Amino acid sequence: MNSRQTENKLSSSNWHLLSVEETLEKLNTKPTGLTDEEADARTLQYGENELIKAKGKSAFVLFISQFTSLLIVILIVAAVISAFVGNVIEAIAIIIIVILAGVLGFIQEYKADKAIESLRKMTDPFTNVIRNGKEISIPSKNLVPGDILVLRTGDKVSADARLIEIISMKTDEASLTGESIPSEKSAKIIKDAETTLGDRINMIYMGTSVLYGRGKAVVTAIGMQTEQGKIAGILQGAEQRKTPLQVDLDKVGKMLGIFAIILAAILSIFGIFRGYEIVEMFVWGVALAVAVIPEALPAVVTISLALGVRRMSKRRALIRKLPAVETLGATTIICSDKTGTLTQDEMTVRKIYTNGKIVDISGVGYVPIGDFTIDGSKFNPTEDRDIKNILYAGILCSDTSLQQNDGVWKVIGDPTEGGILVAASKAGINNDEIIKLFPRVDEIPFSSERKQMTTIHQFNEELRAFSKGAPEIILSSCAFIYRNGEKIRLSENDRKDIIDVAHHMGENALRVLGIAEKSIPSNEIRSESVEQNMVFLGLVGMIDPPRSEAKEAVFLCEQAGIKPVMITGDHKITAVAIARELGILKHGKVMTGPELERLSDEDLLQQVETINVYARIAPEHKMRIVTAFMNRGHIVAMTGDGVNDAPSLKKADIGVAMGITGTDVSKEAADMILTDDNFASIVAAVEEGRSIFENIRKYLIFLLSGNMATVFAMVSALILMLPLPLTAVQILFINFIMDGLIAIALGVEPPEPGIMRRKPRNTNENILNKRVVFGISSIGIWIAIVTMCTFLWALNNGYSNQQAGTIFFLTLIFSRLFNGINCRSMEDSIFKLGILTNKPLIYSTVIALSLTLTVIFVLFLQKAFGTTFLNLKEIIVALLASSTVLLMAEIQKHTWRLFTVKKGIKMPAI
């Protein structure tokens, strides 16, 4: 039987009708997973776990498409006609330039496609599996039939699989079945052969997600053999949607196209009436239309977006949706979680409160080395029953592990649980031995609403429950406390003392957990009474210090007109301490979740801009906060990592998921993923987003001002009854070097030094706002005046029409190159930016100058391009005249800066 037949046999099996043992046997696997060798062999047999994508354009088709626009076709026809009537050299020159422009356009689009494809690969999902008896994380595309999946709350399912072990698991299968109610799962065999897909509760499917609980499953189908793969063909024909900016620029391009064709037609007719030949004016008119239309615009936009996104990825921010790039630059509010984003996410236990005493623990991060002291005196924690009890409970009520890889200690799972494991290791307790001694038999998972997690364990003939969570929640679950080894009734004074200690820890920026335990009868294992009448063991106080780079990023936000808002589930006291240290809380207010619940939506709308910190917040509160800010007209970025954060991530203008601690569901809902879970990476992404948008504007300003200058000058020559300064070939040559070389270089301009000192861009404003239109018009008119002045100077000083035209040609190119330097910033002087900070522009300018001088001084090219030799005096005249373009631009910028300082205006992102 060949591999394809084997694959079909596997995919068509009714796995839900088989027992766990039968499924494992049929797939030739075991609960400890496949070995690396077995997995590699199955990859060769079944292929990668990927859905077949619709094929994009081939390189050949992409190349041919560069020559299919109406104007290019007309230009080729015009060149043929020109050759037919005797202008062979001019016709050849036109065809060569058209081919060169097509090659450059092909290279631009091909690189853009490759850049976008590489970005998709950056966000390829990972899946936890058991291989060689150990849990590891692998790219989802490397899954094979027989792999054992490890599933937890928030995980996205990456293949079809038969559940073999579960604890309280529920999944969201709406993407597959259309059923919005979560599906409750079971590992039991299903006997009904006619069971529909939605009722196969012992199966999970690619594309669904785990909403609750955890478990393991064995992969039964991958790629196109999955249920999702069977309907993938429907999706393959869907076109990729353009971003709002691309749609906006498409409209600009069409308007310019219509304008160019009408203008070229009018000028050509006018030229014919002036006595020029019909064929000559036809070719000239088409060339002028081609020059006016920014045909490189789509490629520049795509390349600017793609390269900008690549730069973001290097700064630890992965963009999942291109429209997010545009929105980032306009962000006015960043709502950020505290733990791991504003802080280091290496929870370290500093204090333990138990049996009326406070124990201090030394040590740094996750390295399990440290001393236990009381009032400065060291002691052996393994000889203290109270310390052992609370640490045992912390180890057992945890889904996290502490590992050492290549000498580096790492926590796999929740950092808070990891901090307790590290403290236990410092005490000399073997975590693995405790877990084996007390095997888990059931659990009540943690949720943001409950703020509590409870696990139930077997110990000899006894069942014991261990619980951890927010101190006030744990305390409300307890009726007893240990005093010197004796269980006594928890008094009101005891409760008050415990709350006071918790508050004192919080005031010292410690995150505080309460821990409790209880012996339970076997018949109460599933009852609500498990978390009632527990025995209070103590408090654990741990710290997650602020990131040093986050403090700098908060200051940068203040400079950029962006308001950072901290949203955390932690205690108000802890949140305030961290927020003040970071600079988030200076003059604003602090609000807790309960206080927020008492506010109406209208009241929140009125107060939301005065609040800088939200503490004790549940995920559903985030939605109200985001909505309030958005209703106030803000562009909001919201961070999140849990399943319940998904709605607020979708609602926000920019949903930001955590790449390390984030669930697959939150990543799926987000527009951007932080690979380092760092607040500073959000601010870095905002900077890149601003830069990308400005670069596209710079391209438009450069191109449209230059094109306008060419049109103004040509119209002036016709109106003044002067000879035409440029031939059709010269117009196309200028278009080639400006559109193809200089404009692309402007599209990759690095972020300006002062870009984060401007207020956010107004999203309601068109990309060509009033100031941009003024800049385009003023510079375009000035370039036209400069070039016409040199043209008139040449004609009035006895130069021939061809010599004067060549001086005009060189002056126009020099002017546009100076304008390219000017367009690097609409705010800052080029001398402040630095001449050498955009190397692609330097290289493009050198190439453009070299090509220009070649067509002027190489004899056989002079006839083709209608140029002639120029001496040093004529070149200096052209250079000095064109340099005034840079001078004029510098005066404009200086005047604008004086105006904004005088008026007290914070310069907008242009």
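Residues numbered from 1 in each chain as written. Predicted model: local features only at pLDDT ≥ 70, side-chain atom pairs only at ≥ 80, totals over all residues. Heavy atoms only, no water.

Enquirer: Which residues make up the overall build of the chain, and what values do they have?
Expert: Within the chain, the regular secondary structure consists of 33 helices and 28 strands. A total of 910 residues make up the chain; the buried ones form 54% of that total. The contacts of the chain with a sequence gap of at least 6 include a subset with a gap of at least 24, amounting to 70%. When the accessible surface of the chain is summed, it comes to about 40000 Å², and 58% of that surface belongs to carbon and sulfur atoms. (Helix = DSSP H or I, 4+ residues; strand = E, 2+ residues; numbered from the N terminus. Buried < 20%, exposed > 50% of the residue type's maximum accessible area, 1.4 Å probe, protein only. Contact = heavy atoms within 4.5 Å. Areas by Shrake-Rupley, 256 points an atom, 1.4 Å probe, with all protein chains shown as cover.)

Enquirer: Can you break down helix H26 (residues 679-719) residue by residue, with the values?
Expert: Compared with the 60 Å implied by 1.5 Å per residue over 41 residues, the 60 Å span of H26 between its first and last C-alpha is a close match. Counting buried residues along H26, 36 of its 41 residues qualify, which places the element largely inside the surrounding structure. You can read the cap of H26 off the contacts: a side-chain oxygen lies 3.0 Å from the backbone nitrogen of Ala680, and it is on Asn678. The positive-phi residue at the C-terminal boundary of H26 is Met721, with phi of around 60°. (Expected span 1.5 Å × (residues − 1). Polar contact = N/O pair within 3.5 Å; in protein donor to acceptor, adjacent residues only side chain to side chain.)

Enquirer: Break down the packing of aromatic side chains for me, citing the residues and quoting the values.
Expert: Throughout the structure, instances matching the rule amount to eight aromatic pairs. With centroids separated by 4.4 Å and ring planes inclined at 15°, the aromatic side chains of Phe438 and Phe459 adopt a geometry described as stacked. Note that Phe438 is positioned in the loop between helix H16 (431-437) and strand S16 (440-444) and Phe459 in strand S17 (residues 452-459), a separation of 21 residues in sequence. A relative accessible area of 5% places Phe438 in the buried class. Judged by relative accessible area, which is 22%, Phe459 ranks as partly exposed. Relative to Phe865, the ring of Phe733 lies with its centre 5.5 Å away and its plane at 80°, an arrangement referred to as edge-to-face. Here the residue Phe733 occupies a position in helix H27 (residues 728-746), and Phe865 occupies one in helix H32 (residues 859-865), the gap between them amounting to 132 residues. (Phe/Tyr/Trp six-rings, centres within 6.5 Å; stacked < 30°, edge-to-face > 60°.)

Enquirer: Tell me about the nonpolar core, residues and numbers included.
Expert: It is characteristic of soluble globular proteins that their nonpolar side chains tend to be buried jointly. Of all hydrophobic cores here, the largest spans 117 residues; its most connected members are Trp284, Ile334, Met672 and Phe679. Looking at which element gives the most residues to this core, the answer is H26, with 21 residues. Not counting residues within four places of it along the chain, the set of residues in contact with Trp284 comprises Leu267, Ser268, Met714, Leu718, Leu724, Leu726, Thr727, Ala728 and Ile731. Within the second largest apolar cluster, 28 residues are counted, among which are Phe372, Ile429, Met453 and Leu513. (Core = buried A, V, L, I, M, F, W, Y, C linked by side-chain atoms within 4.5 Å.)

Enquirer: Talk me through the sheet that holds strand S25 (residues 611-615); I want residue IDs and the actual numbers.
Expert: Hydrogen bonds between backbone atoms are what pair the strands of a sheet, whose relative direction is either parallel or antiparallel. If you walk across this open sheet you meet the eight strands as S8-S28-S27-S26-S9-S23-S25-S24, and the pairing is mixed. Whereas interior strands pair on both sides, the edge strands pair on one side only; in this sheet they are strand S8 (317-319) and strand S24 (589-592). With direction set aside, neighbouring strand axes in the sheet form an average angle of 20°. Pairing geometry for strand S26 (residues 636-640) and strand S27 (residues 654-658), over four bridges, is parallel. Counterpart to Ala637 in the pairing with S27 is Ile654. Seen against the sheet, helix H20 (residues 572-582) touches strand S23 (563-567), S24 and S25 and runs at an angle of roughly 140° to S25. (Pairing = 2+ DSSP bridges. Axes fitted to C-alpha atoms, helices over the stretch in contact; angles between N-to-C directions.)

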